[in-house]
Amino acid sequence: MPLLPDFRLGQLARRPPRALLVLYLLIGVVPVILGAADGAVVLNLRESLPRNAERNLATTSLTLAEQADRSIQSLDLILSGLSEYVRAAGVTDGASYQSRMSGYATQLMLNEKLRGLPMINALTMISAEGKLINFSRYWPIPAVDVTDRDYFQALKDDHARTSFLGVPVQNRGDGTWTVYLARRLNGPDGNFVGLLLGAIELRYFEDFYRSISHGDGDTVSLQRADGVLLVRYPTTDAIGTTLP
């Protein structure tokens, strides 16, 4: 009989109570659970971070695209208004375009159209022979020939096309990178009378992209629908080239 309590104590020593056994198991299992939870969090972050970055990039791209589109639309509205102005002045052919639009009053009017539009560098009237008729930037009008420009070649013989966005060129006046939006002028019988041009200074977009950049590694590019690179920040020598 005296050995019974000692036997029970020995049994307790060799077989821990159920509560202690459960505690031991939890001590061993908790790190596994925590490790699995950490792995799930990391996996979720790995999946969510690219998704969030992609959503943010899409939102930013859409905002920048709309900003560029509004700039182009603003210039297109100006050129459309100038087209109506030319028709209202009685221009029907190349000769009347030259005689009625080459005066100083027209040059002042072109200058007035540029107020409040910092992205537009100049407005120009071009004859059917590719010569300047009037120009918002200078008076007297400089002698310039644009027959080699892509917008002149694209619109001169294409009666179906009304406007054209050219490739970036360095302005012959001050060397700044510029892209021209050109609008074709037709006479009453559809004959080619000349062009109206709006010069968009690409530095305006470059400065804007610089202002929204978050730091090193950010790259913002504006391309024409066919892949021609119009603007890039940081700057590059590839302006005007076609990117795949």
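This text goes with the structure placed above it.
Just so it is clear, the model here is predicted, and its values are computed rather than measured. (Residues numbered from 1 in each chain as written. Predicted model: local features only at pLDDT ≥ 70, side-chain atom pairs only at ≥ 80, totals over all residues. Heavy atoms only, no water.)

### What to know about the overall build of the chain
Turning to step 1, where the next piece is worked out: A count of helices and strands for the chain gives six helices and eight strands.
Turning to step 2, where the next piece is worked out: Classification of the 244 residues of the chain by burial places 34% in the buried group.
Turning to step 3, where the next piece is worked out: In the chain, the share of contacts with a sequence separation of at least 24, taken over all contacts with a separation of at least 6, comes to 50%.
Turning to step 4, where the next piece is worked out: By element, 59% of the accessible surface of the chain is carried by carbon and sulfur atoms, the whole surface being about 14700 Å². (Helix = DSSP H or I, 4+ residues; strand = E, 2+ residues; numbered from the N terminus. Buried < 20%, exposed > 50% of the residue type's maximum accessible area, 1.4 Å probe, protein only. Contact = heavy atoms within 4.5 Å. Areas by Shrake-Rupley, 256 points an atom, 1.4 Å probe, with all protein chains shown as cover.)

### Things to note about the pattern of salt bridges
When the charged atoms of two side chains lie near each other, side chains of opposite charge can form a pair.
Turning to step 1, where the next piece is worked out: Counting across every chain of the model gives nine salt bridges.
Turning to step 2, where the next piece is worked out: In this structure, the salt-bridge partner of Lys156 is Asp157, at a minimum N-O distance of 3.6 Å.
Turning to step 3, where the next piece is worked out: Note on Lys156: relative accessible area 33%, which makes it partly exposed.
Turning to step 4, where the next piece is worked out: One continuous salt-bridge network, built from bridges that share partners, spans Glu206, Asp207 and Arg210. (Salt bridge = Lys/Arg side-chain N within 4 Å of Asp/Glu carboxyl O.)

### A closer look at the packing of aromatic side chains
Turning to step 1, where the next piece is worked out: Going through the model one piece at a time under the given rule, you end up with seven aromatic pairs.
Turning to step 2, where the next piece is worked out: Between Tyr151 and Tyr180 the ring centres are 5.5 Å apart and the planes differ by 50 degrees, which places this aromatic pair in the tilted class. Placement of Tyr151 in helix H5 (residues 150-156) and of Tyr180 in strand S5 (residues 177-186) is noted, with a sequence separation of 29 residues between them. For the pair Tyr151 and Tyr180, a shared accessibility class is recorded, and that class is buried.
Turning to step 3, where the next piece is worked out: Here a set of aromatic residues connected by ring pairs shows up, and it is made of Tyr204, Phe205, Phe208 and Tyr209. (Phe/Tyr/Trp six-rings, centres within 6.5 Å; stacked < 30°, edge-to-face > 60°.)

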